[in-house]
Amino acid sequence: SSTRRRHPKKGFKMIYCDYLVHIMFPNVDKRKILNNLQLDQCEVPDYQIQEFRKFLNNQQFLITFIDVIERQREFQVAHRCEVASYLTIALYSDFSYLSKILFTLLDTLIRNDINKTPKLLLRATKSVAEKLLTNWLSLALYDYLCTMTGPSLYDLCYKILLTVEQGPLDFVTHQARFALSQDKILSEEVDFNKLEVQAEGPDGTRAKNPVLVLDCDTISQVKGKLYRAIYRHQPFSQQPTLETLSLLWTPKTGHAGSMELCDYDERMTELGAEKKF
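Residues numbered from 1 in each chain as written. Predicted model: local features only at pLDDT ≥ 70, side-chain atom pairs only at ≥ 80, totals over all residues. Heavy atoms only, no water.

Quick look at the overall build of the protein now. In terms of helices and strands, the protein carries eight helices and six strands. Taking all 277 residues of the protein together, the buried fraction comes to 30%. Sequence separation of at least 24 residues holds for 54% of the intrachain contacts in the protein that already meet a minimum separation of 6. Surface exposure of the protein reaches about 18900 Å², of which carbon and sulfur atoms provide 55%. (Helix = DSSP H or I, 4+ residues; strand = E, 2+ residues; numbered from the N terminus. Buried < 20%, exposed > 50% of the residue type's maximum accessible area, 1.4 Å probe, protein only. Contact = heavy atoms within 4.5 Å. Areas by Shrake-Rupley, 256 points an atom, 1.4 Å probe, with all protein chains shown as cover.)

On average, residues of the protein carry a pLDDT of 80, and 83% of them reach 70 or more. Across the protein, the element-wise mean pLDDT spans from 58 in strand 5 (residues 269-271) up to 91 in strand 2 (residues 211-214). Below a pLDDT of 50 lies the segment residues 1-11, which in the model reaches 25 contacts outside its immediate sequence neighbourhood of four places, other chains included. (pLDDT = per-residue confidence, 0-100.)

The next point concerns helix 5 (residues 77-90). Taking 1.5 Å per residue as the helical rise, helix 5 with its 14 residues ought to reach 20 Å, and the 20 Å between its terminal C-alpha atoms agrees with that figure. Every buried residue of helix 5 is accounted for by Arg80, Cys81, Val83, Ala84, Ser85, Leu87, Thr88 and Ala90. Each element contacted by the buried residues of helix 5 is listed here: helix 1 (16-24), helix 3 (46-56), helix 4 (59-70), helix 6 (95-113) and helix 7 (128-164). (Expected span 1.5 Å × (residues − 1).)

Quick look at the nonpolar core now. Judged by nonpolar contacts, the single largest core of 32 residues is most densely connected at Leu62 and Leu132. Taken together, the elements giving at least two residues each to this core come down to helix 1, helix 4, helix 5, helix 6 and helix 7. Setting aside residues up to four positions removed in sequence, Leu132 forms contacts with Ala84, Thr88, Leu98, Leu102 and Leu105. Counting 12 residues, the second largest nonpolar core, distinct from the first, contains Ala207, Val213, Val222 and Leu261. (Core = buried A, V, L, I, M, F, W, Y, C linked by side-chain atoms within 4.5 Å.)

What follows is about a nonpolar patch on the surface. Taken together, the side chains of Leu137, Leu141, Tyr144 and Met148 define a hydrophobic patch exposed on the protein surface, amounting to about 380 Å² of accessible area. Mapped onto the elements, Leu141 comes out in helix 7. (Patch = residues over 30% accessible without salt bridge, like charges linked within 9 Å, V, L, I, M, F, W, Y side chains within 5 Å. Salt bridge = Lys/Arg side-chain N within 4 Å of Asp/Glu carboxyl O.)

All told, the structure shown has eight aromatic pairs when counted by the stated rule. Ring centres of Tyr154 and Tyr158 lie 6.2 Å apart, and the angle between their planes is 10°; on these two criteria the pair is classed as stacked. Of the two residues, Tyr154 and Tyr158 are both situated in helix 7; the distance of four residues between them amounts to about one turn of the helix. Assessed through its relative accessible area of 24%, Tyr154 is described here as partly exposed. For Tyr158, a relative accessible area of 16% gives the class buried. Seen in terms of ring centroids, Tyr227 and Tyr231 are 5.3 Å apart; in terms of plane orientation they differ by 55°. Their pairing is tilted. One end of the pair is Tyr227 and the other is Tyr231, both in helix 8 (residues 219-231) and four residues apart, which spans about a single turn. (Phe/Tyr/Trp six-rings, centres within 6.5 Å; stacked < 30°, edge-to-face > 60°.)

This paragraph deals with the pattern of salt bridges. Enumeration over the complete set of coordinates arrives at seven salt bridges. Residue Asp107 pairs with Arg111 through a salt bridge whose shortest N-O separation is 2.9 Å. One end of the pair, Asp107, and the other, Arg111, are both in helix 6, four residues apart, so they sit about a helical turn from each other. Residue Arg111 is classed as exposed on the basis of its relative accessible area, which comes to 61%. Lys225 is the partner of Asp217 in a salt bridge, and the nearest nitrogen-oxygen pair spans 2.7 Å. Lys225 carries the same exposure label as Asp217, and that label is buried.

The next point concerns the environment of Gln175. Positionally, Gln175 belongs in the loop between helix 7 and strand 1 (194-197). Its relative accessible area of 24% is what places Gln175 among the partly exposed residues. Not counting the four nearest positions on each side in its chain, Gln175 is found in contact with Pro168, Leu169, Asp170, Asp183, Lys184, Ile185 and Leu186.

For the rest of this paragraph, the subject is the packing of helix 6 against helix 7. Helix packing for two helices is described by the angle between their axes and how far apart those axes are. Here helix 6 crosses helix 7 at 140°, and the two axes come no closer than 9 Å. The angle between helix 6 and helix 7 places the two elements in the oblique class. Regarding helix 6 and helix 7, the two cross each other, and that crossing is left-handed. Packed against helix 6, whose contacting residues are Phe95, Leu98, Ser99, Leu102, Phe103, Leu105, Leu106 and Leu109, the element helix 7 presents Ala129, Glu130, Leu132, Leu133, Trp136 and Leu139 at the interface. (Axes fitted to C-alpha atoms, helices over the stretch in contact; angles between N-to-C directions. Parallel < 35°, antiparallel > 145°, perpendicular 65-115°, else oblique. Left-handed = near helix turned anticlockwise from the far one by under 90°.)

Of note, Ser127 is situated in the loop between helix 6 and helix 7. On the accessibility criterion, Ser127 (8% relative accessible area) is buried.

This is the structure we're talking about:
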């Protein structure tokens, strides 16, 4: 298990700690998890933590402990995933021991399920062993994702997005002139012109090149294009959320004032059941 932090391409940056937290706790606020993992902020005395760690390093105790808690009816799937993730963090420093625990649990799981539902084996994360396997693979594949697969997938997704956004994109139905799927191709002919704008974030971060937008784009679509151009080279976890930002139009030098642009404002007109904005 390599723990090197390599980011070979600009635009693709995957912070190791953020990556692990998103894998192990996908539906929980990252900051909350990181705060809970700080032992100096924990109310439990340090010596009790150390004593419990000694028990975790005892293979027989740990296997029995997992077996006992999984037999409890109120111990739901979400609880099992959390236990597996916290065990991964606790045993991360000794990867060989973590692997030994995982293989022992998998051996027991396979023996118990092979004659019951073999087709469903390892297809759903319903046990501590299955979630441990997911975490274990994520740890082992991090370096490979950063140097091989990740950058290529990132470039592919980003270029597909740029290609789709080069033509009209329906704000409501998400149909586009340059859609990949036949079902999502925009059937209506929309005339448009291309515009180049300069973008700057609230912290002074500027897009390196002029950003291409269309005169048929909605304000939200323009804001999304500018947002991606400004923060493309920053890790996602360090980017401000798009919903917290507003789009301001600043006139040329020599003209005072700026105006906030929104999809819905006093200029929006209603045409029967339709809204034109």
